[in-house]
Amino acid sequence: HCTAAALVSENKVLCHPASVDSLTTSAGTEDHVSMGGFAARKCLRVVEHVEQVLAIELLCACQAMDFLRPLKTTAPLEEAYRLVRSEVKTWTKDRHMSPAIDSVTKLLQEEKIWHKVKPMIDHYHSVQTIETRVFSPTTTGRAPNTN
């Protein structure tokens, strides 16, 4: 979790507005430089950090599930667990974590976990008679059925 905390802390610094660092150019004839390219690079780095933090959290969750075996969880979580464990084995002793974090980050980037669990989530929602999803009043998606 120290790595995840460090990544999140770095994201806070990267989220500082790039426009604050704008400087005049061309001997003062241009009063504003957008810093858009720099802001885009910072944004990309934040997204990369978030992917790594999610991978770390997923690894922690899988390790916790190992500690609770033989208990089982929901089908989508078990599927995610199997996919992660196909790439990264259970920790039984100390080892360098960077390769595991990289492997699970790649699973997230390639959307392999999402493709495994999405059909189960869709099925769950299709058989529900009572709406269980929480809708935000600010979303642009489908409005909840209030009938």
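None of these values were measured; they are calculated from a predicted model. (Residues numbered from 1 in each chain as written. Predicted model: local features only at pLDDT ≥ 70, side-chain atom pairs only at ≥ 80, totals over all residues. Heavy atoms only, no water.)

## With respect to the environment of F38
Logical step 1: Looking at the element boundaries, F38 is found in helix α2 (residues 36-67).
Logical step 2: C-alpha of F38 to C-alpha of S19: the two residues are 19 residues apart in sequence and 9.4 Å apart in space. (Helix = DSSP H or I, 4+ residues; strand = E, 2+ residues; numbered from the N terminus.)

## Describing the confidence of the model for the protein chain
Logical step 1: For the protein chain, mean pLDDT is 85; residues scoring 70 or higher make up 84% of the total.
Logical step 2: Across the protein chain, the element-wise mean pLDDT spans from 88 in helix α1 (residues 2-14) up to 96 in helix α4 (residues 98-109). (pLDDT = per-residue confidence, 0-100.)

## Some details on α4
Logical step 1: Its twelve residues place the ends of α4 16 Å apart at the C-alpha level, agreeing with the 16 Å of an ideal helix rising 1.5 Å per residue.
Logical step 2: All buried positions along α4 are accounted for by A100, I101, V104, T105 and L107. In a view along the axis of α4, the buried residues occupy a sector of 155°, so they form one face of it.
Logical step 3: The inward-facing, buried residues of α4 contact α2, α3 (75-87) and α5 (112-127).
Logical step 4: E111 occupies a position one or two residues after α4 and carries a positive phi of about 60°. (Expected span 1.5 Å × (residues − 1). Buried < 20%, exposed > 50% of the residue type's maximum accessible area, 1.4 Å probe, protein only. Arc of directions from axis to C-beta. Contact = heavy atoms within 4.5 Å.)

## Brief notes about α1
Logical step 1: Helix length check: α1 (13 residues) gives 18 Å between terminal C-alpha atoms against 18 Å at 1.5 Å per residue, within 8%.
Logical step 2: Of the positions making up α1, those classed as buried are A4, L7, N11 and L14. Relative to the axis of α1, the buried residues are bounded by an arc of 80° and lie together on one face. Relative to its buried face, α1 has exposed residues pointing more than 90 degrees away, namely C2, K12 and V13.
Logical step 3: Along its buried surface, α1 packs onto α2.

## Considerations on the packing of α3 against α5
Logical step 1: At a closest axis distance of 9 Å, the pairing of α3 and α5 adopts a crossing angle of 155°. Between α3 and α5, the angle falls in the class roughly antiparallel. Crossing handedness for the pair α3 and α5: right-handed. Only K112, I113, K116, V117 and M120 of α5 make contact with α3, whose side of the interface consists of A75, P76, E79, A80, L83 and V84. (Axes fitted to C-alpha atoms, helices over the stretch in contact; angles between N-to-C directions. Parallel < 35°, antiparallel > 145°, perpendicular 65-115°, else oblique. Left-handed = near helix turned anticlockwise from the far one by under 90°.)

## Details of the pattern of salt bridges
Logical step 1: In the structure shown here, the tally under the stated rule is eight salt bridges.
Logical step 2: In this structure, the salt-bridge partner of R45 is E48, at a minimum N-O distance of 2.9 Å. Residue R45 and its partner E48 are both found in helix α2; the two are separated by three residues, about one turn of the helix.
Logical step 3: In this structure, D66 engages R85 in a salt bridge whose closest nitrogen and oxygen atoms are separated by 2.7 Å. Note that D66 is positioned in helix α2 and R85 in helix α3, a separation of 19 residues in sequence.
Logical step 4: For R85, a relative accessible area of 9% translates into the label buried.
Logical step 5: The network of salt bridges with common partners includes E79, R82 and K116. (Salt bridge = Lys/Arg side-chain N within 4 Å of Asp/Glu carboxyl O.)

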